[in-house]
Amino acid sequence: MSDDLPEEFDLIVIGTGFAESCIAAAASRIGKNVLHIDSNDYYGDVWSSFSLEAFNKLLEQPSSSVRNGTYTWHNATEEHGQEQGQEQETTSWTRESLLEKSRRFSLDLSPRVAYCAGSLVQLLIKSNICRYAEFRSLDHVCMLYSKELVSVPCSRSDVFNTKTLTMVEKRLLMKFLTACNDYGEDKCNEDSLAFRGGTFLEYLQAQRVTEKISNCVMQAIAMCDASTSFETGMERTQRFLGSLGRYGNTPFLFPMYGCGELPQCFCRLCAVYGGIYCLKRSVEDINWTESELLVSSAGKTLRAKHLVSAPSQLPATLATHFGDPEPRLSRGLFITSKPLGSEELNKGGGGVNFLRLLTTSGEREACLIQLSHYSGACPEGLYILHLTTPAVSSNPAGDLADFVAQLFDPNASEILYSAYFTIAAPAAESIANAATPIYCTAGPVYEQDYDAAIENARHIFSQLYENEEFLPRAPDPEEIVVDGEDPSALNEHSLPEDLRAQLQDLEQAAQQMDIAE
Amino acid sequence: MATRKKSLLKVIILGDSSVGKTSLMNQYVNKRFSNQYKATIGADFCTKEVVVNDRVVTMQIWDTAGQERFQSLGVAFYRGADCCVLVYDVTAPNSFKNLDSWRDEFLIQASPRDPEHFPFVVLGNKVDLDNRQVSTRRAQQWCQSKNDIPYYETSAKEGINVEMAFQTIAKNALEQEAEAELINDFPDQLRLNSENNRPSNADNCQC
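Since the model is a prediction, treat every value here as computed from it, not as a measurement. (Residues numbered from 1 in each chain as written. Chains lettered and ligands numbered in written order. Predicted model: local features only at pLDDT ≥ 70, side-chain atom pairs only at ≥ 80, totals over all residues.)

Brief notes about the overall build of chain B
Stated precisely, the cut-off is as follows: Counting from the N terminus, the helices are the DSSP runs of H or I reaching at least four residues and the strands are the DSSP runs of E reaching at least two. Residue burial here comes from a neighbour count, namely the number of other C-beta atoms, placed from the backbone, that lie within 10 Å of the residue's own C-beta, with 20 or more meaning buried, 12 or fewer meaning exposed, and in between meaning partly exposed. Note on contacts: residues are paired as contacts if their backbone-placed C-beta atoms lie within 7 Å.
Check the secondary structure of chain B and you find six helices and six strands. Listing every helix and strand of chain B by position from the N terminus yields β-α-β-β-α-β-α-α-β-α-β-α. Scored against the burial criterion, the 207 residues of chain B give a buried share of 44%. Taking as baseline every contact in chain B between residues at least 6 positions apart, the subset at least 24 positions apart corresponds to 72%.

Written as structure tokens, this is what we have:
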């Protein structure tokens, strides 16, 4: 096949990870001529999802960004028979039967949940990229209380129906959350004034809540530890509350088929606006002059005014400028035939659940995402457990051991497969201090939502294209004028009644969604 | 599992660059044809309501957005497809030869539950041109060898057979349902922009 790739671009983006894809989409959206390449044959780089087979292969070949990978098949050949109940069909899973369904898995390198009113959801709606994505509302936000996994009540009816809390606790919790929700509206509220500068825990204790409620708030709602400041705790609580009642029963969403879908949504928008896509295309070298960058790739020299790259995809000659990759995230991934927690947490075949955990000493935290087949990320009857913690060593299993011990017995017969790996990237400072005209993205950090990743993309975009809007709303296909058509057809007043109403609704919604900038 | 029926059919169009995928879609949905070839800019997806067996369904036809040009269509594009339209150009033998790999690629990426019976439709486009190179017989043979894929010869430019081809596409996509295949695998999935996802009784913690 002849390589008729053009050679001159406004922007070349190397790597199709989350932040790079945001930047590519944003540049293409404002009319820039974008080439987006990736040395891999898949989208997403360290933000991608894989089939079971491809995932194993990835762990076998350490790279600068995914390393220390190991995977183990547990007693997956054991036959279980049908001893529990007649109608319940017990499938026994073997290594072969798991691999047979390899493509039914979508195993994430960097899984995370999104707040229903958080920055990712806002960006997707504002840019209209949401039309390419589908989500599953999380079924339960959980907490660990006296070694039991319990659901954190997320709606008014949840609070009243839950058996986890006593009547008094329910009232206390509602009162506390109401106070948090109202915080900030009345700046002179003396009740909270005293706690500014203190910790959130102090404030919580002063409300005389029970230990269980305190746990619930600290672990799951405010996502704090003992040292988190009052202001931060309050902000997080409000973020949690503000994301309730939008979609589903919890404040969180998970992308259908895994988080690896998200970069592809941004890439599609880039492509729709003319961006050119080339997977399996690596870069051998990058040079530059005063006015442009020269990218040597597959025997060609591609020229661009600007260049953005993922740290993991820089050619070796340049990677040194950006510092050595350091362990960022320690990841554990388990495939099990039994979901975590009670039947209640896993109604109708299993929940897509979220849990934030602290080490027994309370110093480090991790988050767990349990996926059932409803997430589109694994076959029916199986569950994926994703564990993520900020890396403190190059031994992901060691970093996660404390959390695993709190959750399940890794030798239990239902655990069919386990894998550990480290996600690495150069330190943020060394990326920022690199003396090259290349804009390097930050790579994944430990966070629930995509706030840091989006901020990283937005920041690089604003450096490239000052004063340009970051991902303004892309019109729906119906609104695009086909050539030869009278452009005034899109005039608001010539729209039919129902469309006009819709447009006004949209505008209103957009105004309400506006992110303070 | 809930067995809510689907009323939205996702149809994806595959084939080599410049065989007329976007033009076919435009002809069918907008009844328009543009002679200017742009390697697909702005073509995204189109929706059209169709009546099949007295039932109204919304057909959402997804274009490749040009990502096929350097074989860079991501797996997300294939997700949840109910029918796959394979297009080649009757004046370009290579685009016909590549149908095999497009079909294989689809089956790998989309991994439908029943690959043997997944509805494909093949369109030989540009029959209005004089320099035809792929014979009808050859194309029909290929389609027969692949479990009798329906075959149409079309011209997006003249609007020949386009309507009929897409009717078949809609019909075959729906027929899957008769075999209880179109049951929604993921009953509760959300699209963020659509208002009807909002719970009607705002049952939340705005206490």
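A closer look at helix α5 (residues 136–145) of chain B
Residue and element names in this part refer to chain B. Quick reminder of the rule: Think of it as the arc spanned by the lines of direction from the helix axis to the C-beta atoms.
The set of residues buried in α5 consists of Ala-139, Trp-142 and Cys-143. Projected onto a plane normal to the axis of α5, the buried residues spread over an arc of 100 degrees and lie on a single side. Along α5, the residues that are exposed and aim more than 90 degrees away from the buried face are Arg-137, Gln-141, Gln-144 and Ser-145.

Topic: the domain arrangement of chain A
Quite often, the size of an interface is put as the accessible area lost when its parts meet. Residues and elements named next belong to chain A. Rule in force here: For the domains described, the bounds stem from an automatic or database domain assignment. Note that Gly is not counted as nonpolar here; it falls among the polar residues with everything else outside the nonpolar set of Ala, Val, Leu, Ile, Met, Phe, Trp, Tyr, Cys and Pro and the charged set of Asp, Glu, Lys and Arg.
The assigned domain composition of chain A is domain 1 (8–45 + 261–323 + 427–464), domain 2 (52–104 + 326–426), domain 3 (152–242) and domain 4 (486–513). On the side of domain 3, five residues touch domain 2, which itself brings four residues to the contact. Residue composition of the side of domain 2 that touches domain 3, grouped by class: one nonpolar, one polar and two charged.

A short note on the sheet that holds strand β16 (residues 353–358) of chain A
All names here are of chain A. Put simply, the rule is: By definition, two strands form a pair when at least two bridges between them are found by DSSP. An axis is simply a line fitted to the C-alpha atoms; with a helix, the fit covers only the stretch in contact. Between two such axes, the angle follows the N-to-C directions and lies from 0 to 180 degrees.
With mixed pairing, eight strands are arranged side by side in an open sheet as β4-β19-β15-β18-β17-β16-β8-β9. The open sheet has two free edges, formed respectively by β4 (66–73) and β9 (148–151), since each of these has just one partner strand. Going from strand to strand, the sheet's axes swing by 20 degrees on average, the running direction of each strand aside. Pairing between β16 and strand β17 (residues 365–371): six bridges, direction antiparallel. Residue pairing for β17: Leu-358 is matched across the bridge by Glu-365. In the packing of helix α2 (residues 52–60) onto the sheet, contacts are made with β4 and β19 (415–426), and the angle to β4 comes to roughly 125 degrees.

Brief notes about the packing of helix α6 (residues 167–182) of chain A against helix α9 (residues 211–221) of chain A
Residues and elements named next belong to chain A. Counted only if it meets this: Reported orientations rely on four angle classes, namely roughly parallel under 35 degrees, roughly antiparallel over 145, roughly perpendicular from 65 to 115, and oblique for the rest. The hand of a helix crossing depends on one turn: near helix anticlockwise from the far one by less than a right angle means left-handed, and clockwise means right-handed.
One can describe the packing of α6 onto α9 by two numbers: an axis separation of 10 Å at closest approach and a directional angle of 40 degrees. Viewed along their axes, α6 and α9 adopt a mutual orientation that is oblique. Once α6 is placed against α9, the crossing between them reads as right-handed. Here Glu-169, Leu-172, Leu-173 and Phe-176 of α6 come into contact with α9, specifically with Lys-212, Ile-213 and Val-217. Grouping the constituent residues of the contact of α6 with α9 by class yields five nonpolar, no polar and two charged.

Overview of the interface of chain A and chain B
Contacts between the two partners involve 44 residues from chain A and, on the opposite side, 33 residues from chain B. Of all elements in the fold, only α4 (119–127), β7 (135–137), α5 (156–161), α6, α11 (261–272) and β11 (276–278) of chain A reach the threshold of two or more residues within the side of chain A that touches chain B. No other element matches the seven residues that α11 of chain A contributes to the side of chain A that touches chain B. Taken together, the residues of the side of chain A that touches chain B sort by class into 27 nonpolar, nine polar and eight charged.

Brief notes about the environment of Ile-12 of chain A
Residues and elements named next belong to chain A. Of note, Ile-12 is situated in strand β1 (residues 8–14). Judged by the 27 C-beta atoms lying within 10 Å of it, Ile-12 is buried. The sequence separation of Ile-12 and Ile-37 amounts to 25 residues, and the corresponding C-alpha distance is 7.7 Å.

Overview of the nonpolar core
When a protein is soluble and globular, its nonpolar side chains tend to lie buried together. Put simply, the test is: In this description, a nonpolar core means buried residues of the types Ala, Val, Leu, Ile, Met, Phe, Trp, Tyr and Cys, linked to one another by C-beta atoms lying within 7 Å.
Ile-12, Ile-23, Phe-252 and Leu-253 of chain A together with Val-11, Val-85 and Val-122 of chain B are the most contacted members of the largest nonpolar core, which totals 215 residues. Here this core takes nine residues from β19 of chain A, the largest share from any one element. Leaving out residues up to four positions away in the same chain, Val-122 of chain B has contacts with Leu-86, Leu-99, Ala-139, Cys-143, Ile-149 and Tyr-151 of chain B.

Remarks on the sheet that holds strand β6 (residues 151–153) of chain B
Residue and element names in this part refer to chain B. Strands sit in the order β2-β3-β1-β4-β5-β6 across an open sheet of six strands; the sheet is mixed. Whereas interior strands pair on both sides, the edge strands pair on one side only; in this sheet they are β2 (45–52) and β6. Neighbouring strand axes in the sheet, compared pairwise and without regard to direction, differ in orientation by 25 degrees on average. As paired strands, strand β4 (residues 83–89) and strand β5 (residues 120–125) are joined by six bridges and run parallel to one another. Bridging from a neighbouring strand, Tyr-88 pairs with Gly-124 of β5. Relative to the sheet, helix α4 (residues 99–110) contacts β1 (8–14), β4 and β5, its axis offset from that of β4 by approximately 160 degrees. Each of β5 and β6 touches α5; the most contacted strand, β6, lies at about 155 degrees to it.

Regarding helix α1 (residues 21–30) of chain B
All names here are of chain B. Extensive coverage of α1 is indicated by the burial of eight of its ten residues. The complete set of buried residues in α1 reads Lys-21, Thr-22, Ser-23, Leu-24, Met-25, Asn-26, Gln-27 and Tyr-28. Looking one or two residues beyond α1, the residue adopting positive phi is Lys-31, at roughly 55 degrees.

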